[in-house]
Amino acid sequence: MTDRPIDNGVPLRVVVALGLSASLLARCIAPALPGLMVGMERTILWTGRVTALLTMLAATGLVAGLARLATLLVAAPRAPLLARVVVVPAVALGCMLLLFASFRPLEPLLALALGITSAIVGGLSARHSLADRGKRAGALVLGLISMAGLVHVLSRKLTQDASDALDIFAFRTAQWIETLGVGLDLVALALALVWLRLRTKHGRIVVPVLLGVAALVVVSSLRASAPGASTLSLLLGRGLERLSREQSSILPLAFSHLLNTGALLAAAAALVSGGELGLILAACLAARGALDIPIPALMLELAALYLPFVRAASRAVPPPTSTEPVVADTAPPSPPA
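The structure displayed is predicted, hence computed values, not measured ones.

**Here we look at the nonpolar core**
- One finds V16, L196, I280, C284, L302, L305 and Y306 to be the most contacted residues of the largest nonpolar core, which totals 66 residues.
- Once you skip the residues sitting within four places of it in the chain, L302 turns out to touch L12, V15, V16, L62, G65, L66 and L69.
- Counting residues in each nonpolar core, the second largest holds 5 residues, with L106, A111, L114 and A297 among its members.

Below, the structure written as structure tokens:
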């Protein structure tokens, strides 16, 4: 390995930003617009076109980034044998299912396979990087999101089977399983917020503002069912409901909305101000709870494959006081152990 993956072609930060934007439009905003109010035909049309364009760009960037990272990881002389055996088939499957999903929605079994393989890749990468103190926050968030994603896809499959069989006991079991996944998501979000507060510039201001904005969004969305609700409240309420994908946890709807909103805002903040480790956190939070959808699943795999290459400083270093010139570190990253 002679160069860093982020230095070639389109920066991975741009790819993650495209994936986050495409996922937000496709899963939240675009489904909430039809029937919102009269006279929005052109807005709905252009939103669909922008969503399709961003999805295509994000898919292209994700496939290219995954191919680059998988090649580097497999070619690394000290890469674990398990990574070499698992990474290539998992990435190939994810890219193939992304191609299938561009023509028609994935079948439940294919979506389940996508969620399981992406969760395995994320879990292996998190376990490998956990020993590195500088990457520990990213590894913990990646591992928690991967476990939660696996729980979510299994819960959705069990819920669908219970609905088809009219099995109340299986449905209740799926509710408790889904609640476990939401709990793991909450822990991952809390870790990401703590990291943002401690490791990023102006983190003490950004995190409280982020939480305040998330609370305002949730309060406004809950007014969507009230008589005379504003268009913004209706849009937020319907969008967050679509984003939740009818999760069957035992927790109240407001909690689900707060978790979704906080995760998206935290992902944007980490992407903007968090450096390379922030890119990992942003990709994980953007993929949260949707590993059976190709774009979020590939975003999690991208974060998993890039994490071993991250150079994360444990704490900000004060500027040097001497007059000697500072030479930038341009050495290539060492291959993952």
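The structure having been displayed, the exposition proceeds.
**Examining the layout of surface pockets**
- By volume, the largest pocket amounts to about 940 Å³.
- Contributions of two or more residues to the lining of the largest pocket are made by helix 1 (12-32), helix 2 (41-75), helix 3 (81-101), helix 4 (108-129), helix 5 (136-165) and helix 11 (294-306).
- By residue number, the principal contributor to the lining of the largest pocket is helix 5, which donates 6 residues.
- Grouping the constituent residues of the lining of the largest pocket by class yields 16 nonpolar, 9 polar and 8 charged.

**What about empty space enclosed by the protein?**
- The tally for this structure, following the rule as stated, stands at 3 cavities of 30 Å³ or more.
- Size it by volume and the largest cavity reaches roughly 80 Å³.
- Along the walls of the largest cavity sit S23, L24, R27, L243, N260, A263, L264, L285, A286 and R288, which together make up its complete lining.
- Residues belonging to the lining of the largest cavity are distributed by class as follows: 6 nonpolar, 2 polar and 2 charged.

**Some points on the pattern of salt bridges**
- Across all of its chains, the model carries 5 salt bridges by this definition.
- Ionic pairing is found between K135 and D132, a salt bridge with its closest N-O pair at 3.9 Å.
- Given the relative accessible area of 36%, D132 is considered partly exposed.
- Here R288 and D185 are joined by a salt bridge, their closest N and O atoms 2.9 Å apart. Here the residue R288 occupies a position in the loop between helix 10 (275-287) and helix 11, and D185 occupies one in helix 6 (residues 168-199), the gap between them amounting to 103 residues. Each member of the pair, R288 as well as D185, is classed as buried.

**What about the packing of helix 5 against helix 10?**
- As a packed pair, helix 5 and helix 10 sit with axes 9 Å apart at the nearest point and diverge in direction by 10°. One finds that helix 5 runs roughly parallel with respect to helix 10. Within the contact between the two elements, helix 5 uses A137, G138, V141, L142 and I145 and helix 10 uses L277, I280, L281 and C284.
- The class makeup of the residues in the contact of helix 5 with helix 10 is 8 nonpolar, 1 polar and no charged.

**A word on the environment of L144**
- Mapped onto the elements, L144 comes out in helix 5.
- Judged by relative accessible area, L144 falls into the buried class, the value being 13%.
- Remark: the alpha-carbon pair of L144 and G122, spanning 22 residues in sequence, is separated by 9.1 Å.
- Once residues within four sequence positions are removed from consideration, L144 is found in contact with L184, V187, A188 and L191.

**Things to note about the environment of E178**
- Tracing the backbone through its elements, the reader meets E178 in helix 6.
- Classification of E178 by relative accessible area gives buried; the value is 1%.

**Describing the side chain of S244**
- Structurally, S244 can be placed in helix 8 (residues 231-244).
- Overall, the relative accessible area of 4% leaves S244 in the buried class.
- At 3.0 Å, the side chain of S244 and the side chain of N260 are in polar contact.
- S244 has contacts with S256, H257 and N260, leaving out every residue within four places of it along the chain.

**Let's talk about the packing of helix 3 against helix 11**
- Packing of helix 3 against helix 11 leaves a shortest axis separation of 10 Å and a crossing angle of 155°. With respect to each other, helix 3 and helix 11 are oriented roughly antiparallel. In this structure, the crossing between helix 3 and helix 11 has a hand that is left-handed. Contact with helix 3, carried on its side by V87, A90, V91, G94, C95, L97, L98 and A101, involves P294, I295, L298, E301 and L305 of helix 11 and no other residues of that element.
- The residue inventory of the contact of helix 3 with helix 11, partitioned by class, reads 11 nonpolar, 1 polar and 1 charged.

**Some points on the side chain of S118**
- Residue placement: S118 occurs in helix 4.
- Accessibility expressed as a relative area gives 0% for S118, which makes it buried.
- Reaching out from S118, the side chain makes a polar contact with the backbone oxygen of L114 at a distance of 2.9 Å.
- Setting aside its immediate chain neighbours within four residues, S118 contacts L291, A297, L300 and E301.

**Regarding a nonpolar patch on the surface**
- A cluster of nonpolar side chains, M96, L99, F100, F103 and L110, forms an exposed patch at the surface whose accessible area comes to about 510 Å².
- By residue number, the principal contributor to the nonpolar patch is helix 3, which donates 3 residues.

What counts and what doesn't
Residues numbered from 1 in each chain as written. Predicted model: local features only at pLDDT ≥ 70, side-chain atom pairs only at ≥ 80, totals over all residues. Heavy atoms only, no water. Core = buried A, V, L, I, M, F, W, Y, C linked by side-chain atoms within 4.5 Å. Buried < 20%, exposed > 50% of the residue type's maximum accessible area, 1.4 Å probe, protein only. Contact = heavy atoms within 4.5 Å. 1 Å grid on protein atoms, 1.4 Å probe; cavity = no way out; pocket = protein on both sides within 12 Å on 5 of 7 lines; lining within 4 Å. Points joined across faces, edges and corners; volume = space filled by probe spheres on them. Helix = DSSP H or I, 4+ residues; strand = E, 2+ residues; numbered from the N terminus. Nonpolar A, V, L, I, M, F, W, Y, C, P; charged D, E, K, R; others polar. Salt bridge = Lys/Arg side-chain N within 4 Å of Asp/Glu carboxyl O. Axes fitted to C-alpha atoms, helices over the stretch in contact; angles between N-to-C directions. Parallel < 35°, antiparallel > 145°, perpendicular 65-115°, else oblique. Polar contact = N/O pair within 3.5 Å; in protein donor to acceptor, adjacent residues only side chain to side chain. Left-handed = near helix turned anticlockwise from the far one by under 90°. Patch = residues over 30% accessible without salt bridge, like charges linked within 9 Å, V, L, I, M, F, W, Y side chains within 5 Å. Areas by Shrake-Rupley, 256 points an atom, 1.4 Å probe, with all protein chains shown as cover.

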